[in-house]
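Survey of secondary and tertiary structure
Here are the chains, one letter per residue:
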Amino acid sequence: MSKTVLVTGGAGFIGSCLVRQLVLQDDLTVINLDKLTYAGNLDSLAELADDSRHILVEGDICDADLIARLLAEFRPNAIFNLAAESHVDRSIDGPAEFVATNVVGTFTLLEAARNYWRELAADRAAEFRFLQVSTDEVYGSLGKTGLFTEATPYSPNSPYSASKASADHFVRAYFHTFGLPTLTTNCSNNYGPRQFPEKLIPVMILNALEGKPLPIYGDGQNVRDWLFVEDHCRAIRRVLQQGRPGEVYNIGGNCERTNLEIVTAVCAALDRLCPDLAHRPCEKLITFVKDRPGHDRRYAIDAAKMKSELQWSPVETFETGLEKTIRWYLEHRTWLDRIASGGYRRERLGLCEIG
Ligand code: NAD
């Protein structure tokens, strides 16, 4: 029988990719606990709809009783915490939800994990891991030079990054105070198929296809490091398998780009891949809009520890990853259309009711 893990937020962009890899490549049974907020999309899990190794539970990581019941019933070997409110702009408009899910939810999960872990037999307790998926945004903003390392002090500037930083501190504390075998990953900006069209790359693809303006904050010179989502999920699995409890691992693509460079690259790829597009060249649609408050200028990750300790490096370059991403959106217009119509939220695939 395959081993079991609990993934939270597994109907989201990164979570659904991770769940697919855990089931299809690692042959694990995955209990996928997801609240199915606007960002949770069961269409992204369609490949697993008939796979008995994927058990979807609609629920909240703030629900301590539910988590305790899931742990008691399924006895997982690991917990991957990806459930989060993840969009910076939404955290500026309404931070409360970010505190509830990202801070209180992570704390609730840690408490449940601690209670479960300390009752495990010694061999299973030694094997158990709690893996917190976090972001490079917790480190704050860099100047023109320098990189975030695992030793960079936390300095969050948005309600989103503050909530993730707070959660990460609790994870650290549960390792140091209670000995819970935790791992934390801090990753740079992800892109790839199935990303909700509120994040930079899918917004630009969708708007360009519809001939709408391509809005870029400020002067477009904010720099981010970009990583293809499948590379991120490979890294998370590697950290789970080989990472040392209590450690932090920075994950990045060694791929710094300004927002303007990203949008220009998306436009060039769409011009090339869609010769029939009405609004070519897409670059004509670029418009600069008022900057986001507290907008960090530059993030850049030093992923040397992932390479030297865990022999991980990304497989995709930005060019190959972007091409795959754009082709996926072009070939899956119904995925986008069902978000636009709200259809993706009205239907539920094979939900499992617990207790
Ligand atoms: P996402 O917004 O696409 O997905 C989040 C998922 O969590 C959704 O399925 C949502 O329904 C679920 N969720 C939200 N609140 C919940 C709750 N209270 N209980 C259970 N489920 C809940 O996010 P994503 O981009 O896939 O990010 C996943 C994780 O990776 C997050 O923790 C995020 O902070 C982190 N991260 C993201 C990026 C990125 O570029 N997207 C980079 C680094 C780290």
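Residues numbered from 1 in each chain as written. Predicted model: local features only at pLDDT ≥ 70, side-chain atom pairs only at ≥ 80, totals over all residues.

As for the overall build of the chain
The helix and strand inventory of the chain stands at 13 helices and 12 strands. Since a compact globule built from 355 residues should have a radius of gyration of about 20 Å, the 20 Å found for the chain is in line with a globular shape. Taking the principal axes of its C-alpha atoms as reference, the chain extends roughly 65 × 45 × 40 Å. Put simply, the chain has 355 residues, and 45% of those count as buried. For the chain, restricting intrachain contacts to residue pairs at least 6 apart in sequence, the fraction spanning at least 24 positions comes to 81%. (Helix = DSSP H or I, 4+ residues; strand = E, 2+ residues; numbered from the N terminus. Rg over C-alpha atoms; globule rule 2.2 N^0.38 Å. Buried ≥ 20, exposed ≤ 12 C-beta atoms within 10 Å, placed from the backbone. Contact = placed C-beta atoms within 7 Å.)

Thoughts on the nonpolar core
A general trend in soluble globular proteins is that nonpolar side chains are found buried together. Among the nonpolar cores identified, the biggest contains 88 residues, and Leu18, Phe80, Ala113, Leu131, Ile236 and Val266 are the most heavily contacted of them. Considering each element in turn, this core owes the most residues, seven residues, to helix α1 (residues 13-24). (Core = buried A, V, L, I, M, F, W, Y, C linked by C-beta atoms within 7 Å.)

Here's the deal with the site of the ligand
Neighbouring residues of the ligand: 32 residues in total, closest Gly9, Gly12, Ala39, Gly40 and Ala84. Taken together, the elements giving at least two residues each to the shell around the ligand come down to α1, β2 (29-34), α4 (96-118), β5 (129-135) and β7 (189-191). Split into classes, the residues belonging to the shell around the ligand amount to 14 nonpolar, 13 polar and five charged. (Near = placed C-beta within 6 Å. Nonpolar A, V, L, I, M, F, W, Y, C, P; charged D, E, K, R; others polar.)

Digging into the UniProt feature "domain: NAD(P)-binding" (unreviewed entry) in the chain
When the UniProt feature table is mapped to this numbering, "domain: NAD(P)-binding" (unreviewed entry) covers residues 6-325. Helix makes up 42% of residues 6-325 and strand makes up 17%, while its end C-alpha atoms are separated by 27 Å. (UniProt positions renumbered as here; feature names shortened; annotations may be inferred.)

Focus: helix α7 (residues 200-210)
Spacing of three or four residues puts side chains on the same side of an α-helix, whose turn is 3.6 residues. If you check which residues of α7 are buried, you get Leu200, Ile201, Pro202, Met204, Ile205 and Ala208. Along its buried surface, α7 packs onto β7, β8 (214-217), α9 (259-273) and α11 (318-331).

So, the sheet that holds strand β4 (residues 78-81)
Spatial strand order, β3-β2-β1-β4-β5-β6-β10: seven strands in an open sheet with parallel pairing. Of all the strands in the sheet, the pair left with one neighbour each is β3 (54-58) and β10 (248-251). Pairs of neighbouring strands in the sheet enclose a mean axial angle of 20°, with direction left out of account. One ladder, built from six bridges, connects β5 with strand β6 (residues 182-187); its direction is parallel. Note that in β6 the partner of Val133 across the bridge is Thr185. (Pairing = 2+ DSSP bridges. Axes fitted to C-alpha atoms, helices over the stretch in contact; angles between N-to-C directions.)

Focus on the pairing of β3
The buried fraction of β3 amounts to four of the five residues, a majority that puts the element mostly inside the structure. Where β2 lies against β3, five bridges are found, and the strand directions are parallel. Bridge pairing in β3 places Leu33 opposite Val57.

Concerning the environment of Leu330
Mapped onto the elements, Leu330 comes out in helix α11. Each C-alpha atom, one on Leu330 and one on Leu273, is 9.0 Å from the other, the two residues being 57 residues apart in sequence. Among all residues touching Leu330, those that are not within four sequence positions of it are Leu273 and Cys274.

Examining unusual backbone geometry
Each neighbour pair has its own omega, and for Arg280 with Pro281 the value is -10°, a cis peptide bond. Looking at where Pro281 falls in the secondary structure, it is placed in the loop between α9 and β12 (286-289). Backbone geometry places Leu36, a non-glycine residue, at a positive phi of 55°. Note that Leu36 resides in the loop between β2 and β3. For Leu36, a count of 18 C-beta atoms within 10 Å puts it in the partly exposed group. The backbone of Arg194 shows a phi angle near 70°, a positive value even though the residue is not glycine. Within the secondary structure, Arg194 sits in the loop between β7 and α7.

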